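So you can see what is in the structure, the chains are spelled out below.
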Amino acid sequence: MKELGTVFIGVPRGKILKTGERIYTGDIVEVEVVDKETVAIEGLKERKNLLPQPPVANADTLAITMSWRKPPFSNRILDGLLAQAEFFDIEPLIIINKQDLVRKREEAPLQRWSELYQKIGYRVLLTSAKTGFGIEDLAEALKGQLVVFAGPSGTGKSSLLNALIPGALLKVAPVSKKLEKGRHTTTEVRLLPNPRGGWLADTPGFQKVDLPRWVATESLPALFRDFRGFRCEFNNCWHKNEPGCGVRQAVDSGNVSPHRYASYLFWLSKSLEHDRQLL
Ligand SMILES: Nc1nc2c(ncn2[C@@H]2O[C@H](COP(=O)(O)OP(=O)(O)OP(=O)(O)O)[C@@H](O)[C@H]2O)c(=O)[nH]1
Ligand SMILES: [Mg+2]
Ligand SMILES: [Zn+2]
């Protein structure tokens, strides 16, 4: 692309066409300009990483977007997405949006969740796309990077992008009143230029995290950052009922959060179930 801000339609040609290589949003390609609207894609630069779901290449940050309510915050979904970020080697940033909906008596639990993840070493940002709360901090945290927004449907990914990019005019829609679930308003992955530099990708939300499909079961224990500092008697310990399991001891002594451990067991059983179905 000659000038930034010019949009072309890319058509695979030559080697790329022959190998049938899929081109992902975020890919860096070599092109030849064919006409005012079209470029021929002839080469593909090696990817730094590739996230299969949502499908984006070369992401610097996975902006995991959860809402506090509507849909309700789920640490299990969050932990699944964090494991996915670790597996695909993308630095996660946790966003808890819809802060304007936090009730007085919910402030303490919200604070506890934020502290838990910060203690593990993740960045947590509290935002409201509605009131603008936390948007300046978010804009600063994301500038200059290729950022993928990912999270359940209805948590406010498109709304946050609209707040970050004046004039983006991305479609947003209310969550269902009865189910408190999103309506799958965004249907495609779109990369938008960040006015502060870099790129922001809006992606379709989901109802369910399909971690077992993308992440190999045996890698799960290593994807929980907070488990890494503890030694187990067995090298390939699943941290379930093995003797001398340092992670279980850490849970008992309060050094690993029981919530994180419960999430781990949940995702492990989902993954094992998935593997059994493939047999
Ligand atoms: N109260 C409140 N509502 C919000 C906030 N952010 C988004 N919403 C509302 O939540 C609903 C869903 O927002 P979207 O931005 O469409 O959510 P999304 O994550 O893009 O959803 P999908 O495209 O389906 O994945 C809309 O009605 C938004 O107006 C917020 O901070 N506070
Ligand atoms: Mg959306
Ligand atoms: Zn163990």
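Please refer to the structure placed before this passage.
Cut-offs applied
Residues numbered from 1 in each chain as written. Chains lettered and ligands numbered in written order. Predicted model: local features only at pLDDT ≥ 70, side-chain atom pairs only at ≥ 80, totals over all residues. Heavy atoms only, no water. Salt bridge = Lys/Arg side-chain N within 4 Å of Asp/Glu carboxyl O. Helix = DSSP H or I, 4+ residues; strand = E, 2+ residues; numbered from the N terminus. Near = heavy atom within 4 Å. Polar contact = N/O pair within 3.5 Å; in protein donor to acceptor, adjacent residues only side chain to side chain. Nonpolar A, V, L, I, M, F, W, Y, C, P; charged D, E, K, R; others polar. Core = buried A, V, L, I, M, F, W, Y, C linked by side-chain atoms within 4.5 Å. Buried < 20%, exposed > 50% of the residue type's maximum accessible area, 1.4 Å probe, protein only. Domains from an automatic or database assignment. Expected span 1.5 Å × (residues − 1). Arc of directions from axis to C-beta. Contact = heavy atoms within 4.5 Å. Patch = residues over 30% accessible without salt bridge, like charges linked within 9 Å, V, L, I, M, F, W, Y side chains within 5 Å. Areas by Shrake-Rupley, 256 points an atom, 1.4 Å probe, with all protein chains shown as cover. Lys, Arg positive; Asp, Glu negative; His and termini not counted. Charge placed at Lys NZ, Arg CZ, Asp CG, Glu CD.

Caption draft 1: Highlighting the pattern of salt bridges. On inspection of all chains with the given rule, the structure shows 16 salt bridges. Here Glu32 makes a salt bridge to Arg13, at a shortest N to O gap of 3.2 Å. Of this pair, Glu32 sits in strand β2 (residues 29–33) while Arg13 sits in the loop between β1 (9–12) and α1 (14–19), and the two are 19 residues apart along the sequence.

Caption draft 2: Expanded view of the site of ligand 1. Surveying the vicinity of ligand 1 reveals 22 residues, the closest of which are Asp100, Ser153, Lys157, Ser159 and Gly205. Take Ser128: an N or O atom from its side chain is 3.3 Å from an oxygen atom of ligand 1. For ligand 1, an oxygen atom lies 3.2 Å from a polar atom in the backbone of Ala173. Looking at the shell around ligand 1 element by element, the count peaks at three residues for helix α5 (residues 157–164). The residue inventory of the shell around ligand 1, partitioned by class, reads six nonpolar, twelve polar and four charged.

Caption draft 3: Structural detail: the nonpolar core. Core analysis: the biggest nonpolar cluster contains 48 residues, and Leu62, Leu78, Ile94, Tyr117 and Leu220 have the highest contact counts within it. Going through the elements one at a time, β6 (61–67), α2 (75–87), β7 (91–97), α3 (107–120), β9 (145–150), α7 (220–223), α8 (246–252) and α9 (258–278) are the ones with two or more residues in this core. Counting only domains with at least three residues in this core, you end up with domain 2 (50–202) and domain 3 (216–278). Among the nonpolar cores identified, the runner-up in size contains 19 residues, and Leu93, Ile135, Phe149 and Ala168 belong to it.

Caption draft 4: View of α9. An ideal rise of 1.5 Å per residue puts 30 Å on 21 residues; α9 measures up with 30 Å between its terminal C-alpha atoms. Considered for burial, the residues of α9 that qualify are Arg260, Tyr261, Ser263, Tyr264, Trp267, Leu268 and Ser271. One side of α9 carries all its buried residues, which in axial view fall inside an arc of 155°. Opposite the packed face of α9, turned more than 90 degrees from it, sit the exposed residues Pro258, Arg276 and Gln277. Those residues of α9 hidden inside the fold are in contact with α2, α3, α6 (211–214), α7 and α8. In this structure Ser257 caps α9, since a side-chain oxygen of it lies 3.0 Å from the backbone nitrogen of His259.

Caption draft 5: A positive patch on the surface, seen in detail. The grouping of Lys70, Lys130, Lys177 and Arg183 at the surface amounts to a positive patch. Along the chain, Lys130 falls in the loop between β8 (123–126) and α4 (135–142).

Caption draft 6: Here's a closer look at the side chain of Thr217. Tracing the chain through its elements places Thr217 in the loop between α6 and α7. Filtering out sequence-adjacent residues up to four positions away, Thr217 remains in contact with Trp238, Leu268, Ser271, Leu272 and Asp275.

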